[in-house]
Amino acid sequence: MPAEGGKTDMERIGLFSEMEYITVGDRYVSQFNRPFNEAASKNRQLLPGGSKEMSSLQAGYFDPHFVRVFEGEGYVNLNQVRRRHMMVEAKKNLGKAFLPTNGEKKPCGLGSYYGTIGGPVPFFSAQSKPREKYKPPGKNLYTNPGKKGTGYGYANVTIGKQFSHSADFYDAPKLNYKKENEEHHGLLKGTAFKLNLYPREYFDTNPYSFENPLPPIKKAEKKELPTKPFKPSSPGKKAGGMKAGTFDPYPSHSADPYEVKLTSQISSKGPKIFHPPGGPKSRPVESIMTLNVKRALNTKNYKTASIQSY
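For the protein chain, the name recorded in an unreviewed UniProt entry is Cilia-and flagella-associated protein 96, with Vicugna pacos as its organism. Quoted straight from UniProt, the Sequence similarities (unreviewed entry) entry for the protein chain says "Belongs to the CFAP96 family."

J.: What am I meant to see in the overall build of the protein chain here?
T.: Regarding its fold elements, the protein chain presents four helices and zero strands. A buried classification covers 2% of the 310 residues belonging to the protein chain. Expressed as a percentage of contacts within the protein chain between residues at least 6 apart in sequence, the contacts between residues at least 24 apart total 20%. If you sum the accessible surface of the protein chain, you get close to 35,900 Å²; carbon and sulfur atoms cover 58% of it.

J.: So what exactly am I meant to see when it comes to the packing of aromatic side chains here?
T.: Any pair of aromatic rings gets described here by the distance separating the centres and the angle formed by the planes. By the definition in use, this model includes one aromatic pair. When the ring of Phe-123 is compared with that of Phe-124, the centres are 5.5 Å apart and the planes differ by 85 degrees; the resulting orientation is edge-to-face.

J.: Help me understand a nonpolar patch on the surface in this model?
T.: A cluster of nonpolar side chains, namely Tyr-113, Val-121, Phe-123 and Phe-124, defines an oily patch on the protein surface of about 470 Å² accessible area. As for its placement among the helices and strands, Tyr-113 is situated in the loop between α2 (78-90) and α3 (172-187). Given a relative accessible area of 34%, Tyr-113 falls into the partly exposed group.

J.: Would you explain α2 in this entry?
T.: Within an α-helix, residues lying three or four positions from one another point in the same direction, as the helix has 3.6 residues per turn. Here α2 is 13 residues long and its end C-alpha atoms lie 19 Å apart, about the 18 Å a rise of 1.5 Å per residue gives. Where α2 starts, the residue carrying a side-chain oxygen 3.4 Å from the main-chain nitrogen of Asn-79 turns out to be Asn-77.

J.: Even after reading the chapter, I still don't get the pattern of salt bridges, so can you show me in this structure?
T.: One side chain can pair with another of opposite charge once the charged atoms of both are near each other. Inspection of the entire model under this criterion finds one salt bridge. Salt-bridge contacts for Glu-89 lead to Lys-92; the nearest nitrogen and oxygen are separated by 3.5 Å.

What counts, and where the lines are drawn
- Residues numbered from 1 in each chain as written.
- Predicted model: local features only at pLDDT ≥ 70, side-chain atom pairs only at ≥ 80, totals over all residues.
- Heavy atoms only, no water.
- UniProt positions renumbered as here; feature names shortened; annotations may be inferred.
- Helix = DSSP H or I, 4+ residues; strand = E, 2+ residues; numbered from the N terminus.
- Buried < 20%, exposed > 50% of the residue type's maximum accessible area, 1.4 Å probe, protein only.
- Contact = heavy atoms within 4.5 Å.
- Areas by Shrake-Rupley, 256 points an atom, 1.4 Å probe, with all protein chains shown as cover.
- Phe/Tyr/Trp six-rings, centres within 6.5 Å; stacked < 30°, edge-to-face > 60°.
- Patch = residues over 30% accessible without salt bridge, like charges linked within 9 Å, V, L, I, M, F, W, Y side chains within 5 Å.
- Salt bridge = Lys/Arg side-chain N within 4 Å of Asp/Glu carboxyl O.
- Expected span 1.5 Å × (residues − 1).
- Polar contact = N/O pair within 3.5 Å; in protein donor to acceptor, adjacent residues only side chain to side chain.

Laid out in C-alpha cells, this is it:
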C-alpha cells in the first residue's frame, strides 16, 4: 500500500523487489521421517576395496614401490666426524689440562688418620695421661676376730649382752583369764537384768495356739457295699412297633383339627435361652487364713482368742 508521502513500502525501505520465498509450493516432510544424510544414498558411493594386512609385500603399504629415505647420499665415517669435533673443542683451551698434585689417599684401616685433611686429633689420642704417684692408704684397725655363729642357738654371739632366763608358765593366758573373771564376778551385786518386753513376731511365737483342748476327730462313716450284684425282675422289652417295649400303654387318640393359629394367640412367654456367665478373671487374692487372722486377732484379744471364734 502507498504510504502518506506517495511512496510504496518497498521504495521507502530501499529494496528493488520483495524477497522471494524458497519453500513455497514444496511438499511437507516431517522431521521425524526425514533421512539423516539424503545425499549419501544417491549416486555412486565410495568403495575402499577392503582392508589390507601387514606383510613383507608391497601390497601392505600405500606407495606402489619402496621409497628410500636417503637416496644417492655419500658415505660418512662417524669416527672421523667425532675426531674433528674433538680438535675444534681442543683449540678452545688456553693452556694445558689441570692435573692434581697427588692422587687421593685411601685409609688403611679403622682409627687411622692417613688421608685426612686435619690429621690426628690429640683429644682422641690413645696415650695415657700423666698421673701422680700412687700412695697406698694406712693399715686397718686391728680388732678381735669375728665370732662364729648366726645368733640362733648360740650364746654370746651378738653385740649386746645375753638375755637372762625368765620362767614362762605353759597355761599362763588361761590362768590370767580365770583370775580376771573371778575378780569381775566378785564385783557384781546380782544376776543380769532381763527385759520381759522382748519383741516377737505375731505377738507370740505361735499366733494359732489356744488353751482349750481340741474336739475329738470325727470318723467318716463307711457305707457297706452290697455283696450281691443287682438283677432286674424281668428282662427288658423290645420295641415291636406297637409300644410293647415302653412302660406306658399306647396313648389314646385325640382329635386335633388343623387350624392356622394367629400371631396374637402364640404366647411370647416361653423358656429363655440360657447364656452362661463370663469366666472368672484372675486377680491377686489374699488367703482366707490371713483375712481371719487380721479380723479376729488384735492387741486386746490375742491372748483370749480361741480357735472356735474362727
